[in-house]
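One letter stands for each residue in the lines below.
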Amino acid sequence: MIPAHVAIIMDGNGRWAKQKSLPRILGHKQGVKTVKNIVKAASGLGIRVLTLYAFSTENWKRPQSEIEALFSLLSFFIRKESKELNGLGVCLRILGDLSKFPENIKTEIENVCKITSKNTGLLLNIALNYGARQELIRAFGEMLKQGVKNPTQGIVSSFLYTAGQPDPDLLIRTSGEFRVSNFLLWQIAYSEIYVTDKLWPDFTKQDLEDAILEFQKRERRFGGL
Ligand code: FPP
(Lines give C-alpha, C1' and ligand atoms only; values in the text may rest on other atoms or scores of the structure.)
Protein backbone atom coordinates (compact mmCIF):
# COMPACT_ATOMS: atom_id res chain seq x y z
CA MET A 1 0.00 0.00 0.00
CA ILE A 2 1.22 3.48 -0.88
CA PRO A 3 1.14 5.71 2.23
CA ALA A 4 -1.66 8.28 1.93
CA HIS A 5 0.33 10.95 3.76
CA VAL A 6 4.12 11.32 3.77
CA ALA A 7 5.73 14.03 5.93
CA ILE A 8 9.37 15.00 5.48
CA ILE A 9 11.86 16.83 7.71
CA MET A 10 14.23 18.15 5.03
CA ASP A 11 17.54 18.32 6.86
CA GLY A 12 21.18 18.63 5.84
CA ASN A 13 21.28 21.52 3.34
CA GLY A 14 23.99 23.28 5.37
CA ARG A 15 26.13 20.14 5.70
CA TRP A 16 25.78 19.41 1.98
CA ALA A 17 27.17 22.87 1.20
CA LYS A 18 29.92 22.55 3.82
CA GLN A 19 31.07 19.22 2.37
CA LYS A 20 31.55 21.02 -0.93
CA SER A 21 33.08 24.17 0.64
CA LEU A 22 30.13 26.20 -0.66
CA PRO A 23 28.10 28.87 1.18
CA ARG A 24 25.12 27.44 3.13
CA ILE A 25 22.63 29.19 0.88
CA LEU A 26 23.74 27.08 -2.09
CA GLY A 27 22.76 24.06 -0.01
CA HIS A 28 19.26 25.53 0.36
CA LYS A 29 19.19 26.31 -3.37
CA GLN A 30 19.98 22.69 -4.17
CA GLY A 31 17.36 21.73 -1.55
CA VAL A 32 14.71 23.55 -3.58
CA LYS A 33 15.62 21.41 -6.62
CA THR A 34 15.04 18.34 -4.47
CA VAL A 35 11.67 19.78 -3.39
CA LYS A 36 10.63 20.04 -7.05
CA ASN A 37 11.73 16.47 -7.83
CA ILE A 38 10.07 15.00 -4.76
CA VAL A 39 6.78 16.83 -5.33
CA LYS A 40 6.65 15.40 -8.87
CA ALA A 41 7.66 11.94 -7.66
CA ALA A 42 5.07 11.95 -4.87
CA SER A 43 2.39 13.04 -7.28
CA GLY A 44 3.37 10.29 -9.73
CA LEU A 45 3.40 7.63 -7.02
CA GLY A 46 -0.18 8.44 -6.02
CA ILE A 47 0.63 9.83 -2.57
CA ARG A 48 -2.38 11.93 -1.53
CA VAL A 49 -0.70 14.30 0.94
CA LEU A 50 2.93 15.43 1.12
CA THR A 51 4.01 17.67 4.01
CA LEU A 52 7.38 19.42 3.89
CA TYR A 53 8.97 21.18 6.88
CA ALA A 54 10.47 24.30 5.26
CA PHE A 55 10.76 26.81 8.11
CA SER A 56 10.22 26.18 11.80
CA THR A 57 9.29 28.65 14.53
CA GLU A 58 12.84 28.06 15.82
CA ASN A 59 14.50 28.92 12.49
CA TRP A 60 14.15 32.66 13.31
CA LYS A 61 17.27 32.14 15.45
CA ARG A 62 19.39 31.79 12.28
CA PRO A 63 21.40 34.75 10.94
CA GLN A 64 19.19 37.37 9.26
CA SER A 65 21.04 36.85 5.96
CA GLU A 66 20.16 33.14 5.89
CA ILE A 67 16.52 33.85 6.79
CA GLU A 68 16.26 36.38 3.97
CA ALA A 69 17.89 33.98 1.52
CA LEU A 70 15.42 31.24 2.52
CA PHE A 71 12.48 33.62 2.00
CA SER A 72 13.71 34.66 -1.40
CA LEU A 73 14.21 31.03 -2.47
CA LEU A 74 10.73 30.24 -1.27
CA SER A 75 9.18 33.16 -3.09
CA PHE A 76 11.13 32.22 -6.25
CA PHE A 77 9.88 28.64 -5.96
CA ILE A 78 6.26 29.73 -5.49
CA ARG A 79 6.40 32.19 -8.40
CA LYS A 80 8.30 29.97 -10.80
CA GLU A 81 6.62 26.68 -10.06
CA SER A 82 3.01 27.72 -9.52
CA LYS A 83 2.00 27.00 -13.14
CA GLU A 84 3.64 23.59 -13.12
CA LEU A 85 2.15 22.72 -9.71
CA ASN A 86 -1.25 23.75 -10.98
CA GLY A 87 -0.72 21.69 -14.16
CA LEU A 88 0.04 18.64 -12.03
CA GLY A 89 -3.22 19.20 -10.15
CA VAL A 90 -1.37 19.99 -6.91
CA CYS A 91 -3.30 21.81 -4.19
CA LEU A 92 -0.97 23.97 -2.06
CA ARG A 93 -1.64 24.61 1.63
CA ILE A 94 0.46 26.30 4.28
CA LEU A 95 0.77 24.94 7.82
CA GLY A 96 1.91 27.68 10.20
CA ASP A 97 1.62 31.36 10.99
CA LEU A 98 2.30 33.52 7.94
CA SER A 99 1.62 36.79 9.78
CA LYS A 100 5.32 37.39 10.47
CA PHE A 101 6.28 36.92 6.82
CA PRO A 102 7.11 39.82 4.47
CA GLU A 103 3.84 41.13 2.99
CA ASN A 104 4.79 40.46 -0.67
CA ILE A 105 5.73 36.82 -0.01
CA LYS A 106 2.60 36.31 2.06
CA THR A 107 0.40 37.63 -0.77
CA GLU A 108 2.21 35.48 -3.37
CA ILE A 109 1.77 32.35 -1.29
CA GLU A 110 -1.88 33.06 -0.52
CA ASN A 111 -2.58 33.62 -4.23
CA VAL A 112 -1.11 30.26 -5.22
CA CYS A 113 -3.06 28.54 -2.41
CA LYS A 114 -6.24 30.16 -3.74
CA ILE A 115 -5.54 29.34 -7.40
CA THR A 116 -4.81 25.68 -6.60
CA SER A 117 -7.43 25.22 -3.88
CA LYS A 118 -9.88 23.28 -6.09
CA ASN A 119 -7.22 20.92 -7.48
CA THR A 120 -7.80 17.29 -6.65
CA GLY A 121 -4.27 15.90 -7.15
CA LEU A 122 -1.51 15.83 -4.54
CA LEU A 123 -2.19 17.99 -1.49
CA LEU A 124 1.13 19.72 -0.80
CA ASN A 125 1.44 21.14 2.71
CA ILE A 126 4.42 23.42 3.24
CA ALA A 127 5.11 24.03 6.93
CA LEU A 128 6.25 27.64 7.30
CA ASN A 129 6.87 29.37 10.61
CA TYR A 130 5.47 26.12 11.96
CA GLY A 131 5.88 24.59 15.40
CA ALA A 132 3.71 21.73 16.65
CA ARG A 133 3.46 23.04 20.22
CA GLN A 134 2.42 26.46 18.89
CA GLU A 135 -0.14 24.73 16.65
CA LEU A 136 -1.61 22.91 19.67
CA ILE A 137 -1.74 26.07 21.80
CA ARG A 138 -3.49 27.88 18.95
CA ALA A 139 -5.97 25.00 18.63
CA PHE A 140 -6.72 24.95 22.38
CA GLY A 141 -7.24 28.74 22.33
CA GLU A 142 -9.69 28.43 19.43
CA MET A 143 -11.51 25.59 21.18
CA LEU A 144 -11.91 27.73 24.31
CA LYS A 145 -13.18 30.66 22.22
CA GLN A 146 -15.73 28.42 20.55
CA GLY A 147 -16.83 26.99 23.89
CA VAL A 148 -15.73 23.39 23.28
CA LYS A 149 -16.44 21.63 26.61
CA ASN A 150 -15.70 17.98 25.90
CA PRO A 151 -12.82 17.72 23.43
CA THR A 152 -12.30 14.41 21.68
CA GLN A 153 -9.35 13.38 19.50
CA GLY A 154 -11.46 14.15 16.43
CA ILE A 155 -12.33 17.62 17.74
CA VAL A 156 -8.69 18.48 18.53
CA SER A 157 -7.63 17.27 15.05
CA SER A 158 -10.26 19.51 13.46
CA PHE A 159 -8.67 22.61 15.05
CA LEU A 160 -5.18 21.88 13.68
CA TYR A 161 -3.72 23.28 10.43
CA THR A 162 -4.14 19.76 9.00
CA ALA A 163 -7.90 19.63 9.70
CA GLY A 164 -9.65 17.12 7.47
CA GLN A 165 -6.43 15.43 6.32
CA PRO A 166 -5.29 11.90 7.15
CA ASP A 167 -2.44 11.72 9.70
CA PRO A 168 1.01 10.97 8.21
CA ASP A 169 1.56 7.24 7.67
CA LEU A 170 5.26 7.81 7.09
CA LEU A 171 7.62 10.43 8.53
CA ILE A 172 10.98 10.73 6.76
CA ARG A 173 13.96 12.63 8.15
CA THR A 174 17.10 13.13 6.09
CA SER A 175 20.70 13.59 7.23
CA GLY A 176 20.70 10.92 9.92
CA GLU A 177 19.26 12.85 12.86
CA PHE A 178 16.85 10.96 15.14
CA ARG A 179 14.74 13.93 16.24
CA VAL A 180 11.18 15.08 15.67
CA SER A 181 12.03 18.81 16.10
CA ASN A 182 8.56 20.09 17.05
CA PHE A 183 7.00 18.74 13.83
CA LEU A 184 3.37 17.51 13.73
CA LEU A 185 3.55 16.16 17.30
CA TRP A 186 -0.17 15.33 17.47
CA GLN A 187 -0.46 13.99 13.93
CA ILE A 188 2.54 11.57 14.05
CA ALA A 189 1.22 9.59 17.04
CA TYR A 190 1.19 6.39 14.92
CA SER A 191 3.43 7.30 12.00
CA GLU A 192 6.23 5.00 10.90
CA ILE A 193 9.54 6.85 11.16
CA TYR A 194 12.26 6.45 8.52
CA VAL A 195 15.66 8.13 8.94
CA THR A 196 18.15 8.18 6.09
CA ASP A 197 21.75 9.40 6.13
CA LYS A 198 21.24 11.09 2.76
CA LEU A 199 21.42 14.89 3.00
CA TRP A 200 18.28 16.61 1.64
CA PRO A 201 19.96 18.02 -1.51
CA ASP A 202 21.02 14.45 -2.42
CA PHE A 203 17.59 12.88 -1.72
CA THR A 204 16.07 11.39 -4.89
CA LYS A 205 12.88 9.76 -6.14
CA GLN A 206 14.66 6.42 -5.60
CA ASP A 207 15.24 7.34 -1.92
CA LEU A 208 11.54 8.15 -1.55
CA GLU A 209 10.67 4.79 -3.10
CA ASP A 210 13.13 3.03 -0.74
CA ALA A 211 11.44 4.70 2.24
CA ILE A 212 8.05 3.54 0.98
CA LEU A 213 9.34 -0.03 0.47
CA GLU A 214 10.62 -0.04 4.06
CA PHE A 215 7.25 1.34 5.23
CA GLN A 216 5.47 -1.47 3.38
CA LYS A 217 7.53 -4.07 5.28
CA ARG A 218 6.54 -2.68 8.68
CA GLU A 219 3.65 -4.18 10.56
CA ARG A 220 1.45 -1.39 11.90
CA ARG A 221 -0.51 -2.46 14.95
CA PHE A 222 -1.79 0.90 16.26
CA GLY A 223 -1.43 -0.42 19.81
CA GLY A 224 -3.22 -3.71 19.06
CA LEU A 225 -1.71 -7.21 18.74
C1 FPP B 1 17.53 22.09 6.90
O2 FPP B 1 18.86 22.18 6.54
C3 FPP B 1 16.71 22.82 5.97
C4 FPP B 1 16.01 23.96 6.25
C5 FPP B 1 15.99 24.60 7.57
C6 FPP B 1 15.23 24.65 5.23
C7 FPP B 1 14.56 23.80 4.21
C8 FPP B 1 14.23 24.66 3.08
C9 FPP B 1 14.34 24.36 1.78
C10 FPP B 1 14.69 23.03 1.25
C11 FPP B 1 14.13 25.43 0.76
C12 FPP B 1 12.78 26.06 0.66
C13 FPP B 1 11.63 25.15 0.68
C14 FPP B 1 10.64 25.04 -0.25
C15 FPP B 1 9.42 24.26 0.10
C16 FPP B 1 10.70 25.63 -1.59
P17 FPP B 1 19.88 22.83 7.57
O18 FPP B 1 20.20 24.20 7.09
O19 FPP B 1 19.35 22.74 8.95
O20 FPP B 1 21.11 21.88 7.35
P21 FPP B 1 22.26 21.53 8.40
O22 FPP B 1 21.59 20.86 9.58
O23 FPP B 1 23.12 20.60 7.62
O24 FPP B 1 22.93 22.82 8.75
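Scroll up to find the structure this text is about.
All values derive from a computational prediction rather than experimental measurement.

Chemist: What am I meant to see in the packing of aromatic side chains here?
Modeler: Geometrically, a pair of aromatic rings is defined through the distance of the ring centres and the angle of the planes. Under the definition given, this model contains 12 aromatic pairs. On the basis of an interplanar angle of 10° and a centroid distance of 4.2 Å, the ring pair of tyrosine 53 and phenylalanine 183 is categorised as stacked. Residue tyrosine 53 is located in strand β2 (residues 49-56), and its partner phenylalanine 183 is located in the loop between β5 (170-173) and β6 (192-195); the two are separated by 130 residues in the primary sequence. Note on tyrosine 53: relative accessible area 8%, which makes it buried. Relative to phenylalanine 71, the ring of tryptophan 60 lies with its centre 5.7 Å away and its plane at 75°, an arrangement referred to as edge-to-face. Placement of the pair is tryptophan 60 in the loop between β2 and α3 (64-87) and phenylalanine 71 in helix α3, with a sequence separation of 11 residues. For tryptophan 60, a relative accessible area of 28% puts it in the partly exposed group. These aromatic residues form a ring-pair network of at least three members: Tyr53, Tyr130, Tyr161 and Phe183.

Chemist: Which parts of the structure should I look at to understand helix α4 (residues 103-115)?
Modeler: Taking 1.5 Å of rise per residue, 13 residues should cover 18 Å, and α4 covers 18 Å from first to last C-alpha, within 8% of that figure. Along α4, the positions that sit buried rather than exposed are Ile105, Lys106, Ile109, Val112 and Cys113. Burial along α4 is one-sided: seen end-on, the buried residues are contained in an arc of 135°. Exposed and facing more than 90 degrees away from the buried side of α4 are Glu103, Asn104, Lys114 and Ile115. Where the residues of α4 are buried, they touch α3, β3 (91-95) and β4 (123-130).

Definitions and limits used
- Residues numbered from 1 in each chain as written.
- Predicted model: local features only at pLDDT ≥ 70, side-chain atom pairs only at ≥ 80, totals over all residues.
- Heavy atoms only, no water.
- Phe/Tyr/Trp six-rings, centres within 6.5 Å; stacked < 30°, edge-to-face > 60°.
- Helix = DSSP H or I, 4+ residues; strand = E, 2+ residues; numbered from the N terminus.
- Buried < 20%, exposed > 50% of the residue type's maximum accessible area, 1.4 Å probe, protein only.
- Expected span 1.5 Å × (residues − 1).
- Arc of directions from axis to C-beta.
- Contact = heavy atoms within 4.5 Å.

Honestly, that's just the spatial picture; any functional story needs more than this.
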